[in-house]
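Now for the letters of each chain:
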Amino acid sequence: MTSSSYDARPDRTDAPTRAQESRAQLDERFMQNAIALAHYATRQNEVPIGALIVRNGSIVAAANNRTVRDQDATAHAELIAIRDASAELDRWRLDDCTLYVTLEPCAMCAGAMVLARLGRVVFGAWDEKAGMAGSVGDLLRHPRLNHVPEVQGGVLADECGEMLRQFFEMKR
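Residues numbered from 1 in each chain as written. Predicted model: local features only at pLDDT ≥ 70, side-chain atom pairs only at ≥ 80, totals over all residues. Heavy atoms only, no water.

Chemist: So what's going on with helix H5 (residues 157-171)? Residues and values would help.
Modeler: Spanning 15 residues, H5 covers 21 Å between terminal C-alpha atoms, matching the ideal 21 Å at 1.5 Å per step. Burial in H5 covers these residues: Cys160, Gly161, Met163, Leu164 and Phe167. Buried residues of H5, seen end-on, are gathered within an arc of 155° and therefore sit on one face of the element. Structural note: H5 exposes Asp158, Glu169 and Met170 on the side pointing more than 90 degrees away from its buried face. Of the surrounding elements, those touching the buried residues of H5 are helix H1 (23-43), strand S3 (97-103) and strand S4 (120-125). (Helix = DSSP H or I, 4+ residues; strand = E, 2+ residues; numbered from the N terminus. Expected span 1.5 Å × (residues − 1). Buried < 20%, exposed > 50% of the residue type's maximum accessible area, 1.4 Å probe, protein only. Arc of directions from axis to C-beta. Contact = heavy atoms within 4.5 Å.)

Chemist: Hey, could you go over unusual backbone geometry for me, with residue numbers and the actual values?
Modeler: The backbone of Asn56 shows a phi angle near 55°, a positive value even though the residue is not glycine. Inspection of the secondary structure assignment puts Asn56 in the loop between strand S1 (50-55) and strand S2 (58-64). According to the relative accessible area criterion, Asn56 is exposed, its value standing at 67%. At Arg117, a residue that is not glycine, the phi angle is positive and equals roughly 60°.

Chemist: Tell me about helix H4 (residues 107-115), and name the residues and values.
Modeler: Of the positions making up H4, those classed as buried are Cys109, Ala110, Gly111, Ala112, Met113 and Val114. On its buried face, H4 is in contact with helix H3 (77-89), S3 and S4. Of the residues flanking the end of H4, it is Arg117, one or two places downstream, whose phi is positive at about 60°.

Chemist: Lay out the confidence of the model for the chain with the relevant residues and their values.
Modeler: Residue-level pLDDT values for the chain average 90, and 88% of them are 70 or greater. This stretch, residues 1-15, has a pLDDT under 50; its non-local contacts, to residues over four places away or in other chains, come to 2 contacts. (pLDDT = per-residue confidence, 0-100.)

Chemist: How would you sum up the pairing of S4? Please name residues and give values.
Modeler: Most of S4 is tucked away: 6 of the 6 residues are buried. Across 5 bridges, the pairing between S3 and S4 is parallel. From the neighbouring strand, Leu103 faces S4, where its bridge partner is Ala125. Between S3 and its parallel partner S4, the chain crosses via H4, and the hand of that crossover is right-handed. Inspection of the sheet shows S4 paired to strand S5 (residues 150-152) by 3 bridges, in the parallel sense. Counted as the bridge partner of Arg120 is Glu150 from S5. (Pairing = 2+ DSSP bridges. Right-handed = clockwise from strand over helix to strand, strands pointing away.)

Chemist: For the pattern of salt bridges, give the residues involved together with the corresponding values.
Modeler: On inspection of all chains with the given rule, the structure shows 10 salt bridges. The closest approach of N and O atoms between Asp96 and Arg55, which form a salt bridge, is 2.6 Å. Residue Asp96 is found in the loop between H3 and S3, and its partner Arg55 is found in strand S1; the two are separated by 41 residues along the sequence. By sharing partners, the salt bridges in this structure join Arg23, Asp27, Arg120 and Glu150 into a single network. (Salt bridge = Lys/Arg side-chain N within 4 Å of Asp/Glu carboxyl O.)

Chemist: Tell me what's going on with the nonpolar core, and back it up with residues and numbers.
Modeler: Formed by 47 residues in total, the largest nonpolar core has its most connected members in Met31, Ile53, Ile82, Leu94, Met113 and Leu140. Secondary structure elements with two or more residues in this core: H1, S1, S2, H3, S3, H4, S4 and H5. By residue number, the principal contributor to this core is H3, which donates 7 residues. Non-local contacts of Met31, meaning those with residues more than four positions away in its chain, are made with Tyr100, Val101, Thr102, Val122, Phe123, Gly124, Val155, Leu156 and Cys160. (Core = buried A, V, L, I, M, F, W, Y, C linked by side-chain atoms within 4.5 Å.)

Chemist: Residues and numbers for the packing of H1 against H5, please.
Modeler: Contact pair H1 / H5: the axes reach a minimum separation of 11 Å and the direction vectors enclose 5°. Overall, the two elements H1 and H5 adopt an arrangement that is roughly parallel. Contacts from Met31, Gln32, Ile35, Ala38, His39 and Thr42 of H1 reach H5 at Glu159, Cys160, Met163 and Phe167. Class assignment for the residues of the contact of H1 with H5 results in 6 nonpolar, 3 polar and 1 charged. (Axes fitted to C-alpha atoms, helices over the stretch in contact; angles between N-to-C directions. Parallel < 35°, antiparallel > 145°, perpendicular 65-115°, else oblique. Nonpolar A, V, L, I, M, F, W, Y, C, P; charged D, E, K, R; others polar.)

Here is the structure:
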C-alpha cells in the first residue's frame, strides 16, 4: 500500500488493538484469511472455498478445497482444516475452536463440525442449494444432535459470494 491509501501514523488511537477488537471485527479479520485461501484455490482450478480454524486468537489450521487436485469428493476445505487442527492439537475435540469458512457448510461438512465438537462456526456466503446452516436445512443446530456449535453466518457474504459467482461464470 502506498502512504496515500494508508494512514500509518503511530498516534492513531481510534484503531483497536487485537485485545480490544470486537467479536465482529475478529470474525471479519479471520474471514479475510479464509478469503485469501479461497483465492488460492481458484488459482489451483478448485472451487474457491477457504477454511481455517482458530484457537485463542491464533490460526491452528488453514485449507482450501482440494477435490480436483486429490480426486476426492470429501476434500472440502472444512474437512481438511478439521483434520489438520486435530493433528496439530493432538485431539479430536475442537470445542475451544472456531472454524471460519467462506461458504455455508454442506451436509458432509456440517456433520463433521458437529462430530468434532467445534465451539463456533462462522461462514461467509449463504448456499441456497446445499447449505446446512439454515439455507436448505440446519444440521449444525439440530436439536436432537449431541452437540450444537454457535453459528454466525453472512460474515463478508457479498465478497465471498462474488468470488464464487465469478469462478463459475469463468467455467461456463
